[in-house]
Amino acid sequence: MKISKSLLFIFLLFVGFSYGQNKLIGKVTNSKNKPVVNAKVFLDSIYTNVETNKNGDFEVLLPEKVTMVNVYSHEYGLLSSKFNNENIMNFMFLDSDKSIRGQTKKGDKITIGYSEVDKKYKVNNSEGTSVPNDKNATVYNTIYDMIRGRLSGVTVSRDNRITIRGVSSIRNISEPLFVVDGMIVSSIDYISPNNVKNISVLKGAEASIYGSQASAGVIVIKTK
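Residues numbered from 1 in each chain as written. Predicted model: local features only at pLDDT ≥ 70, side-chain atom pairs only at ≥ 80, totals over all residues. Heavy atoms only, no water.

## Some details on the pairing of strand β2 (residues 40-43)
Applied cut-off: Accessible area is worked out with a 1.4 Å probe on protein chains only. A residue is then buried under 20% of its type maximum, exposed over 50%, and partly exposed in between. The numbering of helices and of strands both runs from the N terminus, where a helix is a DSSP run of H or I of at least 4 residues and a strand a run of E of at least 2. Note: two strands are recorded as paired if DSSP finds a minimum of 2 bridges between them.
Residues Lys40 and Phe42 point to one face of β2 and Val41 and Leu43 to the other, with burial holding for every one of them. Pairing of β2 with strand β3 (residues 46-51), which is carried by four bridges, proceeds in the antiparallel orientation. Bridging across to β3, Val41 finds its partner in Val50. Between β2 and β3, which follow one another and run antiparallel, lie two residues, and Asp44 among them has a positive phi close to 55°. Where β2 and strand β5 (residues 68-73) come together, four bridges link them in antiparallel fashion. Looking at the pairing, Lys40 lines up with Tyr72 of β5.

Here it is in structure tokens:
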């Protein structure tokens, strides 16, 4: 019995240590060293559902292959920092980004993406055209059925080719770019409608964060 308890203790210690190694903690402040509350934490372009608390602190578990940690505040804008396997990362906003404040409103759904043009992460307001979490998702056979007729400004042909109306591509690209949970994918055939949380359409300036490959627009899908 003593051996079993000892083994259990060692196992729990190992598990706790493993999780500790994959945890990132930090603090977000402004130029006056005051905490920035409700700043959103992104790993690369994926939102972690983690926000800073009243003290400006955050804690997030890290998956593998994270390259960049981004912090977004409605009041101050976006900060990006390369991740080098640190356990602690602190962020300080020196100035408020008025350009971003003009693009977004408090409560807007925010996404970020890496701009190939500007070579940095940029903020996008994805509140525009979207299909919210659909309670009737079970009635759709495919992701294309879900998009067809439900997403304003988007046409889905019989052979499931998607076109965003009002977008002209300078590279003769007819289909939009697909971004699923922050990752660019070549096809969305594998996505089950039951697993979709939200679908948004980006075009024009909103899609520019993805560079010329998004000249026909972007379909952004978040899964559950």
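## What about the side chain of Thr223?
Spelled out, the test is: N or O atoms within 3.5 Å of each other form a polar contact, as long as, within protein, one can give a hydrogen and the other can take it, and as long as residues adjacent in sequence are counted only when both atoms are side-chain atoms. Residue contacts are counted whenever heavy atoms from the two residues lie within 4.5 Å of one another.
Summarising the element assignment, Thr223 is placed in strand β16 (residues 218-223). A polar contact is formed between the side chain of Thr223 and the side chain of Asp181, at a distance of 2.4 Å. Ignoring anything within four residues of it in the chain, the contact list for Thr223 reads Val180, Asp181, Asn195, Val196 and Lys197.

## Details of the pairing of strand β13 (residues 177-180)
The alternating pattern of β13 places Leu177 and Val179 on one face and Phe178 and Val180 on the opposite face, and all of these are buried. Taken together, the four bridges between β13 and β16 define a ladder with parallel strand orientation. Looking at β16, one finds that Val180 is bridged to Ile221. Two strands pair when backbone bridges link them, and β13 and strand β14 (residues 183-185) are joined in this way by three bridges, in the antiparallel orientation. Note on β14: the bridge partner recorded for Val180 is Met183. Hairpin connection of β13 to β14: two residues between the antiparallel strands, including Asp181 at a positive phi of 50°.

## A word on the sheet that holds β3
Worth spelling out the cut-off: For every element, the axis is a line fit to its C-alpha atoms; helices are fit only across the contacting stretch, and the angle between N-to-C directions ranges from 0 to 180 degrees.
What the four strands build is an open sheet, ordered β3-β2-β5-β6; its pairing is antiparallel. Here the strands that pair on one side only, and so sit at the sheet edges, are β3 and β6 (77-82). Geometrically, the sheet is characterised by an average inter-axis angle of 25° between neighbouring strands, direction not taken into account.

## Notes on unusual backbone geometry
For Asn85, which is not glycine, the phi dihedral falls at a positive 65°. Here Asn85 shows up in the loop between β6 and β7 (91-93). Judged by its relative accessible area of 68%, Asn85 falls in the exposed class. For Asn160, which is not glycine, the phi torsion reads 65° and is therefore positive. Of note, Asn160 is situated in the loop between β11 (154-156) and β12 (162-164).

## Regarding the packing of aromatic side chains
We apply this condition: Stacked, tilted and edge-to-face pairs are distinguished by plane angle, under 30 degrees for stacked and over 60 for edge-to-face with tilted covering the rest, among Phe, Tyr and Trp rings (Trp via its six-membered ring) whose centres lie within 6.5 Å.
Scanning the model with the defined rule gives three aromatic pairs in all. Here Tyr76 and Phe93 contribute two aromatic rings whose centre-to-centre distance is 5.5 Å and whose plane-to-plane angle is 20°, an arrangement assigned as stacked. Here Phe93 lies in strand β7 and Tyr76 lies in the loop between β5 and β6, a separation of 17 residues in the sequence. Assigned by exposure class, Tyr76 and Phe93 land together as buried.

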